[in-house]
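# Observations on chain architecture
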Amino acid sequence: MTEEPANTFDAFRHAESLVAQRRPLDALAALGPVLDAAPDAPSVHLLAGRAYLGSAQLRRAEQAFLRVLELDPTDHYARFALGKTLQRQSRLPEAQTQLRMAVAMNPLPEYQEALGEVNARMAVERDR
């Protein structure tokens, strides 16, 4: 059994650790009080989105990433994660838009690869 975090910061770090350990449901449980204490913190919603994505709660992940972008439209990682979430829902044109923006904001190889995957999948579907 793990020790309960003493404060919001510790609870956030604990949830980060749980996401890193691929324990998204435990991370979401740990994040509950953090979300209540810091409802306008983009980092908290970003971590929640990652945990939702890790537990295949795709609609909730989408909402969390949209909230991050509402709070900070310049967050390129949130755009990338939203694009991946939309891709997993087979919403390819929407995914492509978000991934294009992420690549334009910060052309990381991971972002470019994800955009390439979506573009290729759209091309295959177009040729059917």
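These figures come from a predicted structure and were not determined experimentally. (Residues numbered from 1 in each chain as written. Predicted model: local features only at pLDDT ≥ 70, side-chain atom pairs only at ≥ 80, totals over all residues. Heavy atoms only, no water.)

## Things to note about helix α2 (residues 24–37)
Formally: Strands here are runs of E lasting at least two residues and helices are runs of H or I lasting at least four, both read from the DSSP assignment and numbered beginning at the N terminus. Expected span of a helix: the number of residues minus one, times 1.5 Å. The angle separating two fitted axes, one through the seven residues that finish at a residue and one through the seven that start at it, defines the bend at that residue. What makes two residues a contact is simply this: any of their non-hydrogen atoms within 4.5 Å.
Between its first and last C-alpha, α2 extends 20 Å over 14 residues, near the 20 Å set by a 1.5 Å rise per residue. The principal kink in α2, of about 40°, is found at Leu-31, preceding the proline Pro-33 by one to four residues. Each element contacted by the buried residues of α2 is listed here: α1 (8–20) and α3 (42–54).

## Considering the pattern of salt bridges
Under the convention used in this document: The term salt bridge refers to a pairing of a side-chain nitrogen on Lys or Arg with a carboxyl oxygen on Asp or Glu at a separation within 4 Å. Only protein chains enter the calculation, and the probe is 1.4 Å; a residue is then buried if its accessible area is under 20% of its type maximum, exposed if over 50%, and partly exposed in between.
Enumeration over the complete set of coordinates arrives at 9 salt bridges. For Arg-23, the salt bridge is made with Asp-26, and the minimal N-O distance between the two is 2.9 Å. With a relative accessible area of 37%, Asp-26 lands in the partly exposed category. With a closest N to O distance of 2.5 Å, Arg-67 and Asp-40 form a salt bridge. Pair noted here: Arg-67 is in helix α4 (residues 58–71) and Asp-40 is in the loop between α2 and α3, with a separation of 27 residues, a long-range link. Take Asp-40: its relative accessible area is 52%, and that puts it in the exposed class. One salt-bridge network, in which partners are shared between bridges, spans Arg-59, Glu-62, Arg-91 and Glu-94.

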